[in-house]
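Structural characterization, general
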Amino acid sequence: MGDTGSVLAMTSTPAGNPQTATARAGNFDAEALRQAVTESFDATVGQLKELVAIPGIAWPSFDPAPLSASADAVAGLVRAGGFDDVRILRCDKEDGTPGGPAVVARRPAAEGKPTILLYAHHDVQPTGDPALWETEPFTAVERDGRLFGRGTADDKAGILAHIAAYSAVTRVLGDDLGLGVTFFFEGEEEAGSPTFRSFLETHRELLRADVIVVADSSNWKVGVPALTTSLRGLVDGTIEVQVLDHAVHSGMFGGPVLDAPTLLARLIATLHDADGSVAIAGLLSRDDVSVDLTEAEYRADASVLDGVRLAGTGTIASRLWTKPALSIIGFDAPAVDAAANTLLPRARAKFSLRLAPGQDPAAAMDAVRKHVEANAPFGARVVFTPGESGNPFRTDTASKAAGFALWALGEAWGVPAVEMGIGGSIPFIADLTEVYPEVQILVTGVEDPDSRAHSANESLHLGDFRNAIIAEALLLARLNAEGLA
Ligand SMILES: [Zn+2]
């Protein structure tokens, strides 16, 4: 509970109210920031509703016009927020077609002040089956304190949180604001960010910053903020088992030799041990997370059928965030309906291995290779083919920026922020850490467990949205006041 501890430490300063102490020390009035955000909140929600109405989808099979309109609308909001230097930029994909339009706006830092880059994405997921939606997906509707619509939470509220926080800080601090601020609103995140790396390298100096806030994650629960402090990495590949030169009659030859699918199944069975933990030697695995999910919550969220026993050891959260997890995601063998009475000569499976934060993907890939080669059943030939790999991510929670963020989240919500992991990966974060190795990356969010991002009836909790804006305004003000040195 390191960082939370430090936040608490602040609470116990002799002045008693860390906010007032910090506000005074930092020459900013935190209460005025909270008020500025609250006063313009209805307008902010109105702008969000207008953005939601633009179905900007970056998938190649969708009409690109709304995506351009979405970029134009976002650029318009940024200009209205007081930015002069606002650009819509694209890089080409490998096939030569244009990547998604990104909005970049920059306000240089005053002498001696740090620069912060505020990231979000304006493209959204397709709706899926419209019949599953209770309201029209691209018409934002308020109900029970939530705003429903595609992209409300993922991630147009991220964009508005950045713009509204900046607007509040400029209004309250005026000329005292010397912080450099860059907006980077991507236009192809939901399509896998195909040009992200080349975009970063093309615009390396334009996007250079000391701190990057990626507002595209979730809070812990409604009413409980979180800083996402770790993401798992990923390696995948295929494992092929070969046993015969060609298929032979299962009656004539079956018995003295096992078929390839059977042998592959045996090999796959060696990848986990008796309690279902990954059994590959040499992989990093930790069990030190500060919060946990209940088994009931996990079973409900993951739709685990009754009677199915969970796998692994330790807390649920550590099994999801800081331990490896291996799944078989593809299997090449004849389909049941096409099955013939033959002994199959070869069979292939695709594996996907989630990596604990801190794990080197190359070492993990090698560990899988060594494992399957060492566990070849009945001397079968095993062909291992490495696939994709992506770095895990871990925030340096001892950093000043992370401390400021945890403090700001706690101040905005009135409860200590949680340090939360994510079991999945956000691939472009690995690109950010490779292109800017020195930068401090903070992953925040406007979503909550009920947001249903990527699904029907996506929604945003409006109370948490307001708090997210306040938290970011406090972070900007504190960074402006105290810097990173
Ligand atoms: Zn997103």
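Thresholds applied
- Residues numbered from 1 in each chain as written.
- Predicted model: local features only at pLDDT ≥ 70, side-chain atom pairs only at ≥ 80, totals over all residues.
- Heavy atoms only, no water.
- Helix = DSSP H or I, 4+ residues; strand = E, 2+ residues; numbered from the N terminus.
- Expected span 1.5 Å × (residues − 1).
- Buried < 20%, exposed > 50% of the residue type's maximum accessible area, 1.4 Å probe, protein only.
- Salt bridge = Lys/Arg side-chain N within 4 Å of Asp/Glu carboxyl O.
- 1 Å grid on protein atoms, 1.4 Å probe; cavity = no way out; pocket = protein on both sides within 12 Å on 5 of 7 lines; lining within 4 Å.
- Points joined across faces, edges and corners; volume = space filled by probe spheres on them.
- Nonpolar A, V, L, I, M, F, W, Y, C, P; charged D, E, K, R; others polar.
- Domains from an automatic or database assignment.
- Pairing = 2+ DSSP bridges.
- Contact = heavy atoms within 4.5 Å.
- Buried area = accessible area lost by both parts, 1.4 Å probe.
- Donors = N, O, S within 2.8 Å, 3.2 Å for Na, K, Ca; no water.
- Tetrahedral: all angles 85-135°; square planar, octahedral: opposite > 155°, others 65-115°.
- Axes fitted to C-alpha atoms, helices over the stretch in contact; angles between N-to-C directions.
- Arc of directions from axis to C-beta.
- Polar contact = N/O pair within 3.5 Å; in protein donor to acceptor, adjacent residues only side chain to side chain.

Remarks on helix α6 (residues 152–173)
Side chains three or four residues apart in an α-helix point the same way, a direct result of the helix having 3.6 residues per turn. Across its 22 residues, α6 extends 29 Å between first and last C-alpha, which sits within 8% of the 32 Å expected from 1.5 Å per residue. Across the 22 residues of α6, 18 count as buried, placing the element largely inside the fold. Two residues or fewer after α6 comes Gly-174, characterised by a positive phi angle close to 55°.

Focus on the pattern of salt bridges
Per the counting criterion, the structure on display carries 19 salt bridges. Its salt-bridge partner being Arg-143, residue Glu-134 comes within 3.1 Å of it at the nearest N-O pair. By relative accessible area, Arg-143 is classed as partly exposed at 27%. A salt bridge links Arg-150 to Glu-458, with the nearest nitrogen and oxygen atoms 2.7 Å apart. With Arg-150 in the loop between β5 (146–148) and α6 and Glu-458 in the loop between β17 (440–447) and β18 (459–461), this pair connects stretches of sequence that are 308 residues apart. Residue Arg-150 is classed as buried on the basis of its relative accessible area of 0%.

Looking at the layout of surface pockets
The computed volume of the largest pocket comes to approximately 1700 Å³. Around the largest pocket, the lining comprises 50 residues; the ones closest to its centre are Ile-422, Gly-423, Gly-424, Ser-425 and Glu-447. Elements with a contribution of two residues or more to the lining of the largest pocket: α7 (196–202), β7 (211–218), β9 (233–242), α10 (295–302), α11 (316–321), β14 (381–390), β16 (418–422) and α14 (427–435). By residue number, the principal contributor to the lining of the largest pocket is α14, which donates 5 residues. Considering only residue class, the lining of the largest pocket consists of 16 nonpolar, 17 polar and 17 charged. Residues from two domains meet in the lining of the largest pocket; each of domain 1 (7–231 + 392–482) and domain 2 (234–285 + 324–390) gives at least three. Taken as a whole, the second largest pocket holds about 500 Å³ of empty space. Forming the walls of the second largest pocket are 23 residues, and the residues nearest its centre are Gly-276, Ala-311, Arg-319, Pro-324 and Ala-325. Secondary-structure elements contributing two or more residues to the lining of the second largest pocket are α11 and β11 (325–332). Looking at side-chain class alone, the lining of the second largest pocket contains 11 nonpolar, 7 polar and 5 charged residues.

So, unusual backbone geometry
Here the residue pair Asp-154 and Asp-155 is connected by a cis peptide bond, since its omega of 20° sits within 30 degrees of zero. Checked against the element boundaries, Asp-155 lands in helix α6. Even without a glycine there, the phi angle at Ser-193 is positive, about 50°. Mapping Ser-193 onto the fold places it in the loop between β6 (180–186) and α7. Even without a glycine there, the phi angle at Asn-457 is positive, about 60°. Among the secondary structure elements, Asn-457 is positioned in the loop between β17 and β18. Exposure remark for Asn-457: the relative accessible area of 7% places this residue in the buried category.

Focus: the pairing of β17
For β17, a buried count of 7 out of 8 residues is recorded, marking the element as mostly surrounded by other parts of the structure. Relative to β17, β7 runs parallel, the two sharing 7 bridges. Along β17, the bridge assignment pairs Val-211 with Gln-440.

Structural notes on the domain arrangement of the protein chain
Domain boundaries assigned for the protein chain yield domain 1 (7–231 + 392–482) and domain 2 (234–285 + 324–390). In this structure, domain 1 and domain 2 have C-alpha centres spaced 41 Å apart. With 8 residues of domain 1 in contact, the opposing surface of domain 2 contributes 9 residues. Between domain 1 and domain 2 the total buried area reaches about 530 Å² when both faces are included, carbon and sulfur atoms providing 58% of it.

Points about the coordination of the zinc ion
Around the zinc ion, the donor atoms from the protein are His-121 (NE2), Asp-154 (OD), Asp-216 (OD) and Asp-216 (OD), and they sit 2.0 to 2.6 Å away. One way to put it: the 4 donor atoms around the zinc ion meet at angles of 52 to 144°, and that makes the site irregular. Positions of the donor residues of the zinc ion along the chain correspond to the pattern H-x32-D-x61-D. You can see His-121 sitting in strand β3 (residues 115–121) and its partner Asp-154 sitting in helix α6, a full 33 residues away along the chain.

Some thoughts on the sheet that holds β18
Across the sheet, which stays open at both edges, the 3 strands sit in the order β4-β5-β18 with antiparallel pairing between neighbours. Edge strands, defined here as strands with exactly one partner in the open sheet, are β4 (141–143) and β18. Recorded for the sheet is a direction-independent mean angle of 25° between the axes of neighbouring strands. Summarising the sheet, β5 and β18 pair through 3 bridges and their orientation is antiparallel. The partner of Phe-148 across the bridge, within β18, is Ser-459. Contacts from α6 reach β5 and β18 within the one sheet, and its direction differs from that of β18 by about 55°.

What to know about the side chain of His-203
Position of His-203 among the secondary structure elements: in the loop between α7 and β7. Residues within four places of His-203 in sequence aside, it is in contact with Leu-89 and Tyr-436.

With respect to helix α3 (residues 30–39)
All buried positions along α3 are accounted for by Ala-30, Leu-33, Arg-34, Ala-36 and Val-37. Along the axis of α3, the buried residues cluster in a sector spanning 160°; they form a single face. Near the N-terminus of α3, the side chain that reaches the backbone nitrogen of Glu-31, with its oxygen 3.0 Å away, is that of Asp-29.

Overview of empty space enclosed by the protein
Evaluated as defined, the whole model comprises 3 cavities of 30 Å³ or more. The calculated volume of the largest cavity comes to roughly 140 Å³. Leu-409, Thr-444, Ala-468, Ala-471 and Glu-472 are the residues nearest the centre of the largest cavity, which is lined by 16 residues in total. Going through the elements one at a time, β7, α13 (400–413), β17 and α15 (462–482) are the ones with two or more residues in the lining of the largest cavity. Surrounding the second largest cavity, Gly-100, Ala-102, Phe-184, Glu-186, Glu-188, Thr-195, Phe-196 and Phe-199 form its lining. Where the lining of the second largest cavity is concerned, the elements lending two or more residues are β6 and α7.

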